[in-house]
Structure formats: structure tokens, C-alpha cells
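In case you want the letters, here they are:
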Amino acid sequence: MNSETRPHSSDVLRPRNVGAAIKRTEDPRLLTGRGEYSADRKPDRPLHVAFLRSGQPHARIARIDTVAAQVSPGVVAVFTAENLAGDFKPVIPFSRMPNYYATPIVPLATGKVRYVGEAVAAVIATSRYLAEDALELIDVDYEPLGALSRAETAIAGDAALLHEEAGTNVLIAREFKKGDVAADLKAAAVRVSGRFEMTRKAPLAMEPRSYTAEYDKRRDAVTLYTSSNIPGIVRDAICESLDLPGHRLRVVAPDVGGSFGSKGSLYPEELLICIAARKLGRSLKWTADRLEDVSSSSQAFAEIVDAEMGFDANGIATSLQADVIGDVGAYSIYPWTCGLEPVQVVSFLPGPYKIASYRGAVRGVATCKPPTGPYRGVGRPISTFVAERLMDLGAKALGLDPLEIRRRNLIPAEEFPYRIASGIIWDKTGFVECLEAAAEAVGYEQLRAQQADARKHGRLFGIGIASYAELTGIGSRIAVAPGMPINTGSETAKITIDSTGAITAAFGVASHGQGLETTLAQIVADDLGARFEDVRVIQGDSDEVPMSTGTYASRSAVLGGGAAKHASRILQDKIKRVASHLLEANQDDIEVLDGKAVVIGTDRAVTFKQVAKAVYSDMKTLPVEAREELTGTYTYDPINGTTAAATHIAVVEVDPLTCFVQILKYVVAEDCGRIINPMIVDGQVHGGVAQGIGAALFEELVYDDDGQLLSASLVDYVIPSAPEVPAMDVVHIESESAVAGGFRGMGEGGTIGAPAAIANAIADALSPLGIDVSILPMTPERIFKLMEQTRLNARGKADE
Amino acid sequence: MKPAKFDYVAPTTVDAAVEALRAANGEGKVLAGGQSLLPLLNFRMTRPAVLVDLNGIRELSFIELRGDRVAIGALTRHREIEQSPLIASKLPVMAAAMRHVAHLAIRNRGTIGGSLSHADPAAELPMLSLLYSASLSVQGPSGRRTIAAEDFFVDALTNCLEPEDIVVEIEFPILQQNGWAFEEVARRFGDFALASIAVSVRRGASTIKDARVAVMGVADTPLRLKEVEGQLRGIAIDDQMPDRFSELVTSSVSANGDLHASAEYRQHLLGQLARRAMQTALAAESDRR
Ligand SMILES: Cc1cc2nc3c(=O)[nH]c(=O)nc-3n(C[C@H](O)[C@H](O)[C@H](O)COP(=O)(O)OP(=O)(O)OC[C@H]3O[C@@H](n4cnc5c(N)ncnc54)[C@H](O)[C@@H]3O)c2cc1C
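Only a predicted model underlies this, so the values are computations on that prediction, with no experimental measurement involved. (Residues numbered from 1 in each chain as written. Chains lettered and ligands numbered in written order. Predicted model: local features only at pLDDT ≥ 70, side-chain atom pairs only at ≥ 80, totals over all residues. Heavy atoms only, no water.)

Enquirer: What should I look at first to understand the interface of chain B and chain A in this one?
Expert: It is common to give the size of an interface as the accessible area lost on bringing the parts into contact. With 24 residues of chain B in contact, the opposing surface of chain A contributes 32 residues. Both faces considered, chain B and chain A share a buried interface measuring about 2,300 Å² in area, 57% of it formed by carbon and sulfur atoms. One salt bridge connects D655 of chain A with R276 of chain B, and the closest N-O pair in it is separated by 3.9 Å. Joining chain B to chain A, the criterion identifies 12 residue pairs in polar contact (both at pLDDT 80 or more). Sorting the residues of the side of chain B that touches chain A by element identifies β11 (179–186) and α12 (263–282) of chain B as the ones contributing at least two each. At six residues, α12 of chain B tops the list of elements feeding residues into the side of chain B that touches chain A. (Contact = heavy atoms within 4.5 Å. Buried area = accessible area lost by both parts, 1.4 Å probe. Salt bridge = Lys/Arg side-chain N within 4 Å of Asp/Glu carboxyl O. Polar contact = N/O pair within 3.5 Å; in protein donor to acceptor, adjacent residues only side chain to side chain. Helix = DSSP H or I, 4+ residues; strand = E, 2+ residues; numbered from the N terminus.)

The following block contains the structure:
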């Protein structure tokens, strides 16, 4: 049969799983309380860990007296840095970046405490209650060294040093340059600038951090069940620290109740629990309470950006410069380093815009607070906030509509791939398409008319636009974190059909709420030719694949998905080879579909079960050399990665009496390439925007000048709840991407666009009063203060 | 975040509960809905030796009409008050305020006795007990006595009870009113108020005959503004009246500031809410928002 006459594969016709709004496989179990989180593990007679945490921001530990705690009822052991000294090597968050100091990571504070909430001692007891009773009996003598509570003051020459070995509190300094910014700014027709700030934020996953270390006496081995989104990295780091081979430390991320980045770094408590389990030969459990989670998990933002943008008379942005101070907290984190968040701010600041010259400088400054770390969007929520505020300020100065100024400055289709100043390359993405689609969906022209009418009645009605681009599914050519030595550019899928015909697809990527169990199964089902419901996905288990780094940086659909596609094809080829023996047909005439190999155009078929039987059990059917194990393994590396982009438009009204902001309308037009599951994509956008609303209007970790956290409980740390999150419209632009499957990462975008869009909308609403928005969150208190200031100024003018 | 060790008793009569508290020698604590007490126990901010659980005392849960008063048992849940037709018709300001008390799940457990005893400066029921001049019936080792709401709240989270005392019931006199309002601003629906005001007026053809005003969220305890009430008596009702009322309220209160709202912002909110509240109170019943 030649290709013309051969019946076409039904590939194109059959309903495919990829692209379908399939309900999430994990939801029935998670929603009915049948999920299994780390804290649900029930090892044999586990002991419970409780941590004594520093109440001091910065102090020398002169003495720790644990005698009374050790004899407290139920206590098995009390650990301090002193009695763990020989049990591990510090973990170093290494980077090749110049001007960077890597603070060593150790299980318990050693010599000094550097923030309120840092673990100083650990009590191991037969119950958490008894462990917490014993904590009260530990006596620590601190010699206070003075809190470093603000980055701006920690930079000062006479400031105390948090890490003496570093010789400075500036743990990282970096600068990117392109063109001659000074000259371009000088030549600019219009220059706009501001000092912008996003305050410190908690990622606040619903499940606090939680670890269960199960000790296996037979092999002196440990299985760590961790609420982590990087179980593979945790495995590698702890193996190195404890000098263990990987087959004696298995690290599993079971069901994980959200991370948003807060579970995406190695934690001292993970080291401690593994060390203690081995020392005591017992299984151990620890779950952070909310206070511990808020005060010791990695935090977000905390940056101040002085930025300026120059435009020519046509409204084309010609130049951009920024100086960023990041308050990175007390330690650099593993593996991302303290550079991750602040350096990304300057890497991404030019965003989706064509700007000829750029200078972005950043300093990451150590302070007495928990480390900042990855947080959904990393650096880009604030880089987008700054760039989008500047765009609006520019539009205002030039008398242009905010939509129009973006039209003039977004990188147009014909200029991709486009390299921005920091070296990031945008592949072809629908930047302009997203802008236009969002404007159309929100009814932009009509909204402006509505606004004019509202203003006539004294209403504070505003419309805010934010466009951004992000790099997702990053391959091995680029380090996810600057100068980081570990490879984050590949992921492995291993797909197996066992002797019963069952399909298991194992990955190192780890879902902490994204729905990968569903989306990866959709991909495998299509590319293998299986039924969706027959594919079991295993993920987040270091025993399943030789190496993995996990789920972060919007990579798992791209890297895990790409690996799934390739591994599925390898396995499908094996199935075809076996089937061609069994069906006595040419391999090319066989298609694999719905768990069967079929001779195209006939009813001759064998099921996966029959194929498996022939390969594994039945010694007669196949020649020995045709009995290939039914497994396909592939490690996928997209090399560069791929861009994702979106435009958000928010419509708000500010109540002049209460100073509250109400979001009246919210539209997102996003380009995540080929959509695997539209329901999941919408859910990710909704959740991301909800978090962005938190950053824009509510959430703020307040540390006082003594380094004490004032908003440590959910009474004081205010997050948006259902009534504060509006209904949203999500428009999808599925532009082609060169990576396997055409997928682009999209788990973070909602959080990147929303703060900027809402900030611009509030600024637009308040513009009749001459008020600018330069700090987030815009709480009613802040809006009140700004409005008061305007009232005072007006009164002052009237008096003159 | 686990409580320190305590003993637990679950009496079924008030007498037994008081006896259990007496036996605890000042180290006992009453458990009602637990919505405020449990966090305090978990943070070890309170460490009673004995927890006396009132939830088994049936006689403490009721809402009944007693002549010109409504009596509410201390263990009556917020949700029952919110849904009670008797409260809606006789204590309408309370009925309007109840949906601002926390969230449904908390209202299902939280009790009026617990809310009053906890004495949060931004809690609705303490303010309403002032507005209505409620009287609390309290039982201690030497029997029952009555405490006026205005004597009950001493400071933030502090009431005037002795450690052996239990609030048994609260009586709310029904107000002679033909206008009222309840206004509140909270960060999110169900949060403790940043500022709130309750107003009740008896108006004649063109003047205020009598008025009650209470505020919360702005001081260490809820406040009844008797001075303002005096200034309102006999005042003419006209278009400027809500503005004037707003000024009277803000000049008689000096708001506290905290993490959630500065003193200036609370003061501003209170003024705005006062104006709105008076507008609503003076509006004809049919015009009510
Ligand atoms: C998230 C959240 C939001 C909330 N928001 C609001 C809000 O907006 N407005 C509001 O008003 N409240 C709010 N609350 C508090 C809630 O209304 C509580 O239920 C109430 O304050 C306490 O009632 P309880 O029955 O739960 O008391 P418990 O927690 O059981 O007890 C509180 C205190 O009162 C004492 N006590 C209880 N009953 C008696 C009694 N009969 N005699 C003597 N002492 C007694 C206890 O010993 C304890 O000291 C909120 C609570 C939470 C958790």
C-alpha cells in the first residue's frame, strides 16, 4: 500500500485527550479527605518533633540549657547545633554569580540567631504535646546584637553584619546593561519615574510544611515524605550532606497542599528530621503550625525599585533604568540562592516591550527576617508592576491612551525571537494578540465611556492594563536561578506496561495542586494510544527516576509533558513491533488506539494485555529477540525553553468613604501555547489572579523595627477570601511553540499580571485626585492616607 | 501549637459548673463555643488547670420573650440569634448585626455568653449589649447576681467577672424606637470590625425625642455614647442632621490605631459610618436600604 491508498490513521479524527476539559483525577480523593499528605503517614510508633524558635532577631547564642527538657515526660532527645555537629555537612547554595556570598544552611541555628522564628533546638518526644511542653523548659541565653530590620539601613557602612564571613550585608549585587541609557534618557521627549515597592508577602499554602521521616532498620535507610515541590533536589542535597547513597534516602512528595514556592527550597527542618531519624533509629513526624509556617517558610517580594523610563515624542519607550534593593532576609536558600527573586526583577523588567537601552542594577541585602525564596511569578510580579506603572505614567505624560501606548511598544510578531537586555530570548508569542483580545473581551472603548460618565458623578472608577511575558519550561541552556550549578533543564518520564497490561507513567516532577496527575495522563493517553483512565501517573518519588528537580518555574507541563510524549512514542513503537508479530501485519499498518494495537482499516486487534502476555508470560508466541520489555524512558530537555504571555485588564471602583477597592470586572487573555486541559488552565489563572489580588490589596508581612513579625496569624495576615475574588473572563490565545507538544508554562502568570493591572486601575480611578500608586498592597489605610494628603494639599493651596 | 495540659469536666447543671470552677481555685476556665478560647489555649496564652465545658448544660440555651424584655441563654449560638424571628421583630438592630459576626461555621459554634465574656473591643454583641442596656445574670459560688452591661466590660478582652463566675443569661430591654441602623466596615466580610456604629432613635414629627448610640472597634471596649445621646434629644431633624451627628460622634470618640487601621483612618470611618447610620435611621421604614 502506498501512502495515498493506505487508510489514514484516525489520529486526526479521534477525540483527543489533550485539549479536553477532563475533570481532575486527583480531585475526588482530595475533596473527600482521602488524599494522603505527609502528616497522614502512619509509620510504626513515630516520635514527634517540636522546634524551639528564636524570639530574638539577631543575637549570639551564649548558652542553651536543655537539662530540664531532657527529663520532661515523653522526651526522647533534645538536639541543639552542638550535638549535631558531626552528623552532616552544611548545604551551600552555590552560584557562579560574582558578588555573591552563599550562606551555609544548617539544621539548627549555630552560634547566632538571625531572625525571629529560626529554629534553635529540637525536642523529640512521644507526642507533639509533650514535645511542646518540653520546649518551655529549654533555657537559652542570648546576647542581642541589634536587629537589622530594613534593607536600606542594613546597607549603611556602620550597620552590624549578619554574616561576618561575608564582610557585608549585601549578599548579592548585579547589573545588566544594554545601550547607552544615560544618553537615551537625556534625549527622551518624556521621562517618567518613581520609587516603587512591593512589601513582604507570605506564599501561604493551605497545608503548612510537613515532614515524616520513616526509618527502615533493615537497611539503615530513611524515606522522607515531604511537602516539597522539589523532592529530587531535596534527595540529592540531603544525600550529599549526610553522605548517603541515593538508595538509602528515598524522598517522596505525596499529596501536597499547595506551595506557591514556599515548599520549593531545601529547609533546615528537612535536614534535621533525617539526621535525627538516623541518630535515634526511629521514625519522626513534624508539621509546622501556621505560626511556624508564616514565620519560617520562605517569603516573597520585599523590594524597592527606583526606576525611570524615557519615551520619544511618538510614545516609543527608548530607555529604562532601575535600581533595586531586595530585602532578602537572613539566609540564601538552596538551591536557588538569595539572588533568585531580586535578580529576576532586573532580568525581566523590560518585559514584553522593545526598549532600546536598559540598565538594571540590584542589591540583595541581608536582614533579620526569614529568607525570601521562590514565589509564584518570581521577580516578575514586581518587575511587571514597575514597568506597567511606568507605561501608564508615560501614557499620561504623552496624552496617550494606556492601550495605545502598549500597542506601540509591545514586541511585534515579526521581531521574534527577541533578545532583551538581560539575555532572555522571547520566542514567538502572542504579545500583541493578548493585548487586543483582552481589550476586546473587556469592552475597552465602552468602559472608557462608562468611566467618563462615572467621573461626572464623582465616582472613582478606574481601568488598569498589564501585559507581561515570562520564560517557562526552561531548558539546560539557561539556569533557572542565576549561576546555579545544578541542571534544571531536563525531566524524565518512564512509562511501563506490566505483565497485567497496566500502564504506569512515572515522573520526577511533583504536583502540589497543579493537576499533573491529570494532564500528564492526558498526554500519555494520546501519544501512547491508551485510554485516559488506564494511565496511572506516579510523580514526586525519587525512587522512580534517576534524577529530577521537581515542579517550579512553570516547567512541568513543558518538561514533564515533553518527556511523556517522547517516552510514550518509544513505548508505542515497541507495542507496534510486538503487535506486528501477533497480528502478522506490517508495523506501519498498525495504529495504537484506546489500549489496543489495530491493523488500520480492519477489526484485527490485540489489547495491551495480550501484548503484555506475549512479551512477559507466554513463552511461545514471540521469538526471544522480540520480547522487548514494555517500557519507554526519555529525558527531555527543551534546551532554551519557551515564552508565555498575557494581558490582564482590571476594572475597579474606589469607595471614597471607606477607601475600599472593589474589583468590578477582570479579564485575562493569555497565551500558553497548546492547551492540555482548558479547565485546569482556567483554574490556574483564577487561582493566580486571586493571589495577585492578595498582593495588590491585602497581604503584607509586617516586621517592626525590632525584627518582630506583627502579622503572624491569619487574623492579622489578611488574604482574599471568596467574596473578595471577582468572577473572571479568561481568553486563550494558543500560539504555536517549538517545544514538544507546543505547550507553554502557565502556572504562575495569574500572579504576575494581577498586581500590576489592579495597581494601574486604582491609579486610574484616583487620577482625578492626582494620586499615584507606587506601593502594594494598596490597603484601605494607604488609600486613606493618600486621599488625606490630597485633601491637605488642596486646603494648603486654598489657604495661599 | 498545642495547649498545655489541663483537666476537663463536663457538668450538666450550672450549679455543678460553678462548683467545678470553685474547686479549681481560680485556675478554671469555662468552655462555650470555643471559637476564641481554643486559639488562646493553643497559643498557650491562657493555661487553665481545668476546663469546664458548658456545652452539656441544656438550660443555658434559649431565646424567650419576658414582657418588655428578651432573654437569651448564655449558650445560645450566634446562628440561632441570627435566625430567630423573635429577635428579628423585637431586637432588629441585633438581628441586622448578627450576619457580620464572623463566618457561618463560627456562628454555628460561637455563643452569646462567650462573645460577651471574651469582650473583644470589635465584637458586635458586646456593643449591642450596651446599646440595649442589657443586664447579665451571673452565677457564682454565692448565688446569682445581675451585672449591667455598662459595668461588664473593663478593658480589651477583660470583663469584670470573678474566676468562679458563669454568665447564665442576658436580658435585653426592647427599645421604644421608630428608626435604627447598624453600620460596620471590616477588611473582609466576617472579619472583626475596623469601626462600627449602632443607632436607635425615637423621633417625633420634627425632632428626635430619644436616641441610643453605641460604637465599637475604636476603643479598648465598645462604647455607649451617652453624651451624644443627650445632645440628640430634642434636636431638629433636617438635612444637616446626619452631618451634625457625624461630628458629634467623632468629637466624642478618640479612636485607637493598630496594625489594621490607624487612629486617623478609624476616626474617619467612624464619621462616615455615623452619617450613613443616621441617614438610615431617619429614613422611613419603606426607604431603608
Ligand atoms: C475567624 C474568627 C472571626 C471572628 N469574627 C468575629 C466577629 O466578626 N465578630 C464577633 O463578635 N466575633 C467574632 N469572632 C468570635 C466569635 O464570635 C466567638 O465565638 C466569640 O467571641 C466567643 O464565643 P465562644 O462561645 O466561642 O466562646 P469561647 O471561645 O468558648 O470562650 C471565650 C471566652 O469566654 C469565656 N466564657 C465563655 N462562655 C462563658 C460564660 N457563659 N460565662 C463566663 N465566661 C464564659 C471563656 O472562658 C473564654 O474566656 C470570630 C472568631 C473567629 C475564630
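Enquirer: Can you help me understand the site of the ligand in this one?
Expert: All names here are of chain B. Around the ligand, the surrounding shell holds 32 residues, and the nearest of these are V30, G34, L37, T111 and E124. The contact in question runs from an oxygen atom of the ligand to an N or O atom on the backbone of G34, over 2.7 Å. In the model, a nitrogen atom of the ligand is placed 2.7 Å from a nitrogen or oxygen of the E124 side chain. Relative to its unbound accessible surface of 960 Å², the ligand loses 90% to contact with the protein. Put simply, the parts of the chain that give the shell around the ligand at least two residues each are β2 (28–31), α7 (112–118) and β10 (166–173). Here the element with the most residues in the shell around the ligand is α7; it accounts for five residues. Looking at the shell around the ligand, its residues break down into 14 nonpolar, 14 polar and four charged. (Near = heavy atom within 4 Å. Areas by Shrake-Rupley, 256 points an atom, 1.4 Å probe, with all protein chains shown as cover. Nonpolar A, V, L, I, M, F, W, Y, C, P; charged D, E, K, R; others polar.)

Enquirer: Would you mind going over the sheet that holds strand β5 (residues 69–73) of chain B with me for this structure?
Expert: Through backbone hydrogen bonds, the strands of a sheet pair up, either in parallel or in antiparallel fashion. Residue and element names in this part refer to chain B. Across the sheet, five strands lie side by side as β4-β5-β10-β6-β7; this open sheet has antiparallel pairing. Edge positions in the sheet fall to β4 (63–66) and β7 (143–148), since each of these pairs with one other strand and no more. Between one strand axis and the next, the sheet turns through 25° on average, direction left out of account. Relative to β10, strand β6 (residues 135–140) is paired through five bridges, and the arrangement is antiparallel. Along β10, the bridge assignment pairs V138 with V167. (Pairing = 2+ DSSP bridges. Axes fitted to C-alpha atoms, helices over the stretch in contact; angles between N-to-C directions.)

Enquirer: Honestly, the domain arrangement of chain A in this entry has me stumped. Any pointers?
Expert: Residue and element names in this part refer to chain A. By the assigned domains, chain A splits into domain 1 (27–35 + 490–636), domain 2 (38–146 + 209–287) and domain 3 (300–477 + 639–796). Computed over C-alpha atoms, the centres of domain 1 and domain 3 are 40 Å apart. Tallying the contact residues gives 19 residues for domain 1 and 19 residues for domain 3. When domain 1 packs against domain 3, the two sides together hide about 1,400 Å² of surface, and 65% of this comes from carbon and sulfur. (Domains from an automatic or database assignment.)

Enquirer: Would you explain the domain arrangement of chain B in this entry?
Expert: Residue and element names in this part refer to chain B. Its domain assignment divides chain B into domain 1 (7–53), domain 2 (58–173) and domain 3 (179–283). If you average the C-alpha positions of domain 2 and of domain 3, the two centres end up 21 Å apart. The interface of domain 2 with domain 3 comprises 24 residues on the first partner and 26 residues on the second. Both faces combined, the contact of domain 2 with domain 3 buries some 2,100 Å², and carbon together with sulfur accounts for 67% of it. Its largest share of buried area at the contact with domain 3, domain 2 owes to H100, M127 and L131, together 30% of the area lost on that side.

Enquirer: Is there a simple way to think about the packing of aromatic side chains in this case?
Expert: Between two aromatic rings, the relevant description is the distance of the centres plus the angle of the planes. Taken as a whole and judged by the stated rule, the model has 12 aromatic pairs over all chains. On the basis of an interplanar angle of 40° and a centroid distance of 6.1 Å, the ring pair of F348 of chain A and W426 of chain A is categorised as tilted. With F348 of chain A in helix α9 (residues 340–348) and W426 of chain A in strand β17 (residues 425–426), this residue pair connects regions lying 78 residues apart in the sequence. Residue classification places F348 of chain A among the buried positions, given a relative accessible area of 5%. Ring geometry for Y132 of chain B against F172 of chain B: centres 5.9 Å apart, planes inclined by 85°, an arrangement best described as edge-to-face. Remark: F172 of chain B occurs in strand β10 and Y132 of chain B occurs in the loop between α8 (124–131) and β6; sequence separation between them is 40 residues. Like F172 of chain B, Y132 of chain B is buried. (Phe/Tyr/Trp six-rings, centres within 6.5 Å; stacked < 30°, edge-to-face > 60°. Buried < 20%, exposed > 50% of the residue type's maximum accessible area, 1.4 Å probe, protein only.)

Enquirer: Sorry if this is basic, but what is going on with the packing of helix α14 (residues 516–529) of chain A against helix α15 (residues 556–583) of chain A here?
Expert: When two helices pack together, their arrangement is given by the angle between the helix axes and by the axis-to-axis distance. All names here are of chain A. Two numbers describe how α14 lies on α15: the axes approach to 8 Å, and their chain directions differ by 30°. Overall, the two elements α14 and α15 adopt an arrangement that is roughly parallel. Crossing hand, α14 versus α15: right-handed. Contacts from L516, L520, I523, V524, D527, L528 and G529 of α14 reach α15 at S556, A557, G560, G561, A564, K565, S568, R569, L571, Q572 and I575. Grouping the constituent residues of the contact of α14 with α15 by class yields nine nonpolar, six polar and three charged. (Parallel < 35°, antiparallel > 145°, perpendicular 65-115°, else oblique. Left-handed = near helix turned anticlockwise from the far one by under 90°.)

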